[in-house]
Amino acid sequence: MKVLVSCEVHVDYGQVFVESGGGDCDLHDAFAGQEGVGLCGGGTDGTLLLLTGLRIGGVDFTAELHDSRPELDETWEEIVEVPFRPVSGETVLRQWNGKARWELGLEERDYRVRYSAVGMDAGRSKNVREDDEPPTDDRYLLQIWPAAPEPARLLKRTGRAAAYWHAFATSPVG
């Protein structure tokens, strides 16, 4: 396992992105084909939309690259998996405002990603965290490994914030 990112990542509108090829990611398009699976939208080629409970401010974020499917850690409150395939030789984790980005070093091949969260409801209740305030209780983990494509899956849901986004992923655009 290789840790690709382990730091505080600033979110705006509760969003962080994984991007390759510089494509934009619309909120509705991100969840296309993922009925009932919110939090991590992989419906746009080469892009992942990752949602957080906190709307604005810094959250604890870790991204890992594994050789194979990592063991499921049930201590996380929210867990989803989606397929992902970079469409260029550069794949980055990017803040919504574009002020910071982290190179992930992924190849152009099929991957599976597992996005896990804890404390999303606490982050949503806080809503905005100023830079001089202590960290919120929400934390996020993105695990990536080579794998053939398979449908998005909801593995665990416990909170209201996650339930909202899972319902959003199911609702028709409009």
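Here the structure is shown first, and the text comes after it.
Considerations on the pattern of salt bridges
Evaluation of the coordinates by the stated rule reveals 14 salt bridges. Across the pair R69 and E81 runs a salt bridge whose closest N-O atoms are separated by 2.8 Å. Taken together, the residues span a long stretch of sequence, with R69 in the loop between β5 (57-65) and β6 (78-84) and E81 in strand β6 at a distance of 12 residues. What makes R69 partly exposed here is its relative accessible area of 39%. Using a relative accessible area of 1% as the deciding quantity, one classes E81 as buried. A salt bridge links E90 to R101; its shortest N-O distance comes to 3.2 Å.

A word on the nonpolar core
With 41 residues, the main nonpolar core has L50, F61, L93, Y115 and L142 as its most contacted residues. Contributions of two or more residues to this core are made by β1 (2-11), β2 (15-20), β4 (47-51), β5, β6, β9 (111-118), β10 (139-146) and α3 (160-170). No other element matches α3, which puts five residues into this core. Setting aside its immediate chain neighbours within four residues, F61 contacts V5, S6, C7, V9, L50, L93, Y115, Y140 and L142.

Things to note about the environment of L104
Relative to the helices and strands, L104 resides in the loop between β8 (101-103) and β9. Classification of L104 as buried rests on a relative accessible area of 3%. A sequence separation of 11 residues divides L104 from L93, and the C-alpha atoms of the two residues are 6.8 Å apart. Among all residues touching L104, those that are not within four sequence positions of it are L4, V5, V18, T91, V92 and L93.

Digging into the side chain of T52
As for its placement among the helices and strands, T52 is situated in the loop between β4 and β5. A polar contact of 2.8 Å, which involves the side chain of T52, links it to the backbone oxygen of L54. Residues within four places of T52 in sequence aside, it is in contact with V11, G14, Q15, V59, Y115, M120 and Y140.

Overview of the environment of A169
Looking at the element boundaries, A169 is found in helix α3. Note on A169: relative accessible area 11%, which makes it buried. For the pair formed by A169 and F84, sequence separation is 85 residues and the distance between their alpha carbons is 17 Å. In this view, A169 contacts F31, Q34, E35, G36, V37 and G38; residues no more than four positions away in its chain are not counted.

Quick word on the sheet that holds strand β3 (residues 40-44)
Across the sheet, which stays open at both edges, the five strands sit in the order β3-β4-β2-β7-β8 with antiparallel pairing between neighbours. What marks the edges here is a single partner per strand, and that holds for β3 and β8. The average angle at which neighbouring strand axes cross in this sheet is 20°, direction not considered. Pairing geometry for strand β7 (residues 91-95) and β8, over three bridges, is antiparallel. Among the inter-strand pairings, V92 is bridged to a residue of β8, identified as E103.

What counts and how
- Residues numbered from 1 in each chain as written.
- Predicted model: local features only at pLDDT ≥ 70, side-chain atom pairs only at ≥ 80, totals over all residues.
- Heavy atoms only, no water.
- Salt bridge = Lys/Arg side-chain N within 4 Å of Asp/Glu carboxyl O.
- Helix = DSSP H or I, 4+ residues; strand = E, 2+ residues; numbered from the N terminus.
- Buried < 20%, exposed > 50% of the residue type's maximum accessible area, 1.4 Å probe, protein only.
- Core = buried A, V, L, I, M, F, W, Y, C linked by side-chain atoms within 4.5 Å.
- Contact = heavy atoms within 4.5 Å.
- Polar contact = N/O pair within 3.5 Å; in protein donor to acceptor, adjacent residues only side chain to side chain.
- Pairing = 2+ DSSP bridges.
- Axes fitted to C-alpha atoms, helices over the stretch in contact; angles between N-to-C directions.

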